[in-house]
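# Examining the three-dimensional arrangement
So the chains spell out like this:
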Amino acid sequence: MNRILFALTPMTVGRSFWMPARGSTGAEGVDRSFYFVFWVSVCFFALIVGLMVFFVVRYRRREGAAPQASPSQNLPLELTWAGIPVILVFVMFYMGMKGMVDLATPPAGAYEIKVLAKRWSWLFEYPNGHVDQDLHVPLDVPVQLLMRSEDVIHSFYVPTFRVKQDVVPGRYTKTWFRATKEGEHLLLCAEYCGTGHSDMLAHVIVHPAGEYRQWLEDAANFVSRMSPADAGRRLYRIQGCAQCHSVDGKSGIGPTFRNVYGYETVMAGGARVLADENYLRESMLNPNAKVVAGFDAIMPTAQGRMSEEQILAVIEYIKTLSDRGTPSAPETTSGPTTTQVSDERP
């Protein structure tokens, strides 16, 4: 029956009107259940509507015709129309239960990657400590995700893998898959999580097994192979800073990084603080110590997620965004000096 169902759909070439191309071993079971329910529904819809139209036409009211006698009971017919749906429901239950158990039970020794969901980005931590904004996995290797949320409920969803799992604050949730198709696969949040929900996108990038190890080694050492500012620019993206802090002067959830360094910043209590290296470092490690006026204290700490080398790289990148990022020789003036005040802070 399963072969017949798949033959009736374009999924035999990996894609259909209803579903994207399959990209994992678990996708086939999900599709099998979906199309079984789909074709059962189509058949019953056609049967019921067809019989309804036939009865309306065949037994319509006619002039001079009296109603015919009708049977009060037909046990074989009643057993048939009750038994067939019961059997079909049990088949659906079995297929759904088997698929759910398979998706919830990772193989022993699955490759584990830690996932952090936060408004509004995904962060993936690999066994060697590297953190990336996209999920990189080897081809044809079972991968288990250990997931947690930093704020609200999110939902990890990869349509081509048919994998969807809620990520709940205060607890760990798990899911797993075995990718069967190289390339990029869309990853998104399927649970409304605030104003930036539609921007909470990432990609699952499937590497051939031989290339994955090399990618992981190179990715973990990118800070030492790049200039501090360039490494900081990359960390700005992969650590999720871009979700709240712009670099063009426009404030969002958090202050912009444009022209922060070298200027005084007004705090929530009215105090002014010079945004130098120490201030920027403190803002990343202890973001609630000094909160900029007009913004909420919602920034998560980088403690435990970024090394001192990475923090310094981000600081160097922020310095390139300021017209005071490169110190110049002091000028002698006869009048009083003035300090430009900026209300921006990371």
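Read on for a plain summary of the structure. Remember, predicted model here, so these are calculated numbers, not experimental data.

## Quick word on the overall build of the protein chain
When helices and strands are counted, the protein chain shows 8 helices and 13 strands. Here the protein chain, with 346 residues, has 38% of them falling under the buried criterion. Taking contacts inside the protein chain between residues at least 6 apart in sequence as the whole, the part at least 24 apart equals 64%. For the protein chain, the exposed area adds up to about 20,200 Å²; of that, 57% sits on carbon and sulfur atoms.

## Describing the packing of helix 2 (residues 25–58) against helix 3 (residues 75–104)
Between two packed helices, the angle of one axis relative to the other and the distance separating the axes together describe the packing. Where helix 2 meets helix 3, the closest approach of the two axes is 9 Å, and the angle between their N-to-C directions is 165°. By the angle between their axes, helix 2 is roughly antiparallel relative to helix 3. Between helix 2 and helix 3 lies a crossing whose hand is left-handed. Listed contacts from helix 3 to Gly26, Val30, Arg32, Ser33, Phe36, Val37, Val40 and Phe44 of helix 2 are Ile84, Leu88, Val91, Met92, Met95, Gly96 and Leu103. In terms of residue class, the contact of helix 2 with helix 3 is made up of 11 nonpolar, 3 polar and 1 charged.

## Brief notes about the pairing of strand 2 (residues 121–125)
Burial of strand 2 is extensive: 4 of the 5 residues sit out of reach of the surface. Where strand 1 (residues 111–118) and strand 2 come together, 5 bridges link them in antiparallel fashion. Paired with valine 115 across the strands is phenylalanine 124, a residue of strand 2. The antiparallel hairpin formed by strand 1 and strand 2 contains 2 residues in its connecting segment. Where strand 2 meets strand 3 (residues 131–132), 2 bridges bridge the pair, whose relative direction is antiparallel. Residue pairing across strands places phenylalanine 124 opposite aspartate 132, the latter belonging to strand 3. A loop of 5 residues connects strand 2 with strand 3, the two strands running antiparallel in sequence, and glycine 129 in this loop sits at a positive phi of about 95°.

## Some remarks on the pattern of salt bridges
Counted under the stated rule, the structure contains 10 salt bridges. Between aspartate 102 and lysine 98 there is a salt bridge, with the nearest N and O atoms lying 3.2 Å from each other. Linking aspartate 102 with lysine 98, this pair stays in helix 3, spanning 4 residues, or about one helical turn. What makes aspartate 102 partly exposed here is its relative accessible area of 38%. Among the ionic contacts, a cluster of salt bridges with common partners joins Arg22, Asp31 and Arg162.

## Thoughts on the nonpolar core
Trp122, Leu135 and Phe156 are the most contacted members of the largest nonpolar core, which totals 30 residues. At 4 residues, the largest contribution of residues to this core is made by helix 4 (residues 209–220). Once residues within four sequence positions are removed from consideration, leucine 135 is found in contact with Ile113, Phe124, Tyr126, Leu145, Phe156, Phe177, Leu187, His203, Val204 and Ile205.

## A few points about the side chain of aspartate 134
Mapping aspartate 134 onto the fold places it in the loop between strand 3 and strand 4 (135–138). It turns out aspartate 134 is buried and unbridged, and the closest side chain with the opposite charge, arginine 237, is 8.4 Å from it. Ignoring any residue separated from it by four or fewer positions in sequence, one finds aspartate 134 in contact with Phe124, Tyr126, Ala202, His203 and Ile205.

## Some points on the environment of alanine 229
Summarising the element assignment, alanine 229 is placed in helix 6 (residues 228–238). Sequence separation between alanine 229 and leucine 312 is 83 residues; the distance between their C-alpha atoms is 9.0 Å. Ignoring sequence-local partners within four residues, the contact set of alanine 229 consists of Ala313, Glu316, Tyr317 and Thr320.

## So, the sheet that holds strand 6 (residues 154–158)
Within the open sheet, the 5 strands sit side by side as 4-10-9-6-7. Their pairing is mixed. In the strand order of this sheet, the two ends are held by strand 4 and strand 7 (163–167), each with one partner. For this sheet, the mean angle separating the axes of adjacent strands, direction not counted, is 20°. Both strand 9 (residues 183–189) and strand 10 (residues 201–207) contribute to a ladder of 6 bridges, which runs antiparallel.

## Quick look at the layout of surface pockets
By volume, the largest pocket amounts to about 580 Å³. Looking at the lining of the largest pocket, its residues break down into 21 nonpolar, 8 polar and 7 charged.

## Remarks on the sheet that holds strand 3
Judged by pairing direction, the sheet is mixed, and its 5 strands sit side by side in the order 3-2-1-5-8 without closing on themselves. Unpaired on one side and paired on the other, strand 3 and strand 8 (173–178) mark the two borders of the sheet.

## As for unusual backbone geometry
A cis amide bond links arginine 119 to the next residue, tryptophan 120, at an omega of 0°. Within the fold, tryptophan 120 resides in the loop between strand 1 and strand 2. With a phi angle near 55°, asparagine 259 is a residue other than glycine that sits in the positive phi range. On the secondary structure map, asparagine 259 appears in the loop between helix 6 and strand 11 (264–266).

## Re helix 4
Look at helix 4: 17 Å from first C-alpha to last across 12 residues, which is about the 16 Å you get at 1.5 Å a residue. When we look at burial in helix 4, the residues that qualify are Tyr212, Trp215, Leu216 and Ala219. Take helix 4 and look down its axis: the buried residues cluster within an arc of 100°, on one side only. Exposed side chains of helix 4 directed beyond 90 degrees from the buried face belong to Gly210 and Arg213. Packed against the buried residues of helix 4 are strand 1, strand 3, strand 4, strand 10 and helix 5 (222–225).

Cut-offs and rules
Residues numbered from 1 in each chain as written. Predicted model: local features only at pLDDT ≥ 70, side-chain atom pairs only at ≥ 80, totals over all residues. Heavy atoms only, no water. Helix = DSSP H or I, 4+ residues; strand = E, 2+ residues; numbered from the N terminus. Buried < 20%, exposed > 50% of the residue type's maximum accessible area, 1.4 Å probe, protein only. Contact = heavy atoms within 4.5 Å. Areas by Shrake-Rupley, 256 points an atom, 1.4 Å probe, with all protein chains shown as cover. Axes fitted to C-alpha atoms, helices over the stretch in contact; angles between N-to-C directions. Parallel < 35°, antiparallel > 145°, perpendicular 65-115°, else oblique. Left-handed = near helix turned anticlockwise from the far one by under 90°. Nonpolar A, V, L, I, M, F, W, Y, C, P; charged D, E, K, R; others polar. Pairing = 2+ DSSP bridges. Salt bridge = Lys/Arg side-chain N within 4 Å of Asp/Glu carboxyl O. Core = buried A, V, L, I, M, F, W, Y, C linked by side-chain atoms within 4.5 Å. Lys, Arg positive; Asp, Glu negative; His and termini not counted. 1 Å grid on protein atoms, 1.4 Å probe; cavity = no way out; pocket = protein on both sides within 12 Å on 5 of 7 lines; lining within 4 Å. Points joined across faces, edges and corners; volume = space filled by probe spheres on them. Expected span 1.5 Å × (residues − 1). Arc of directions from axis to C-beta.

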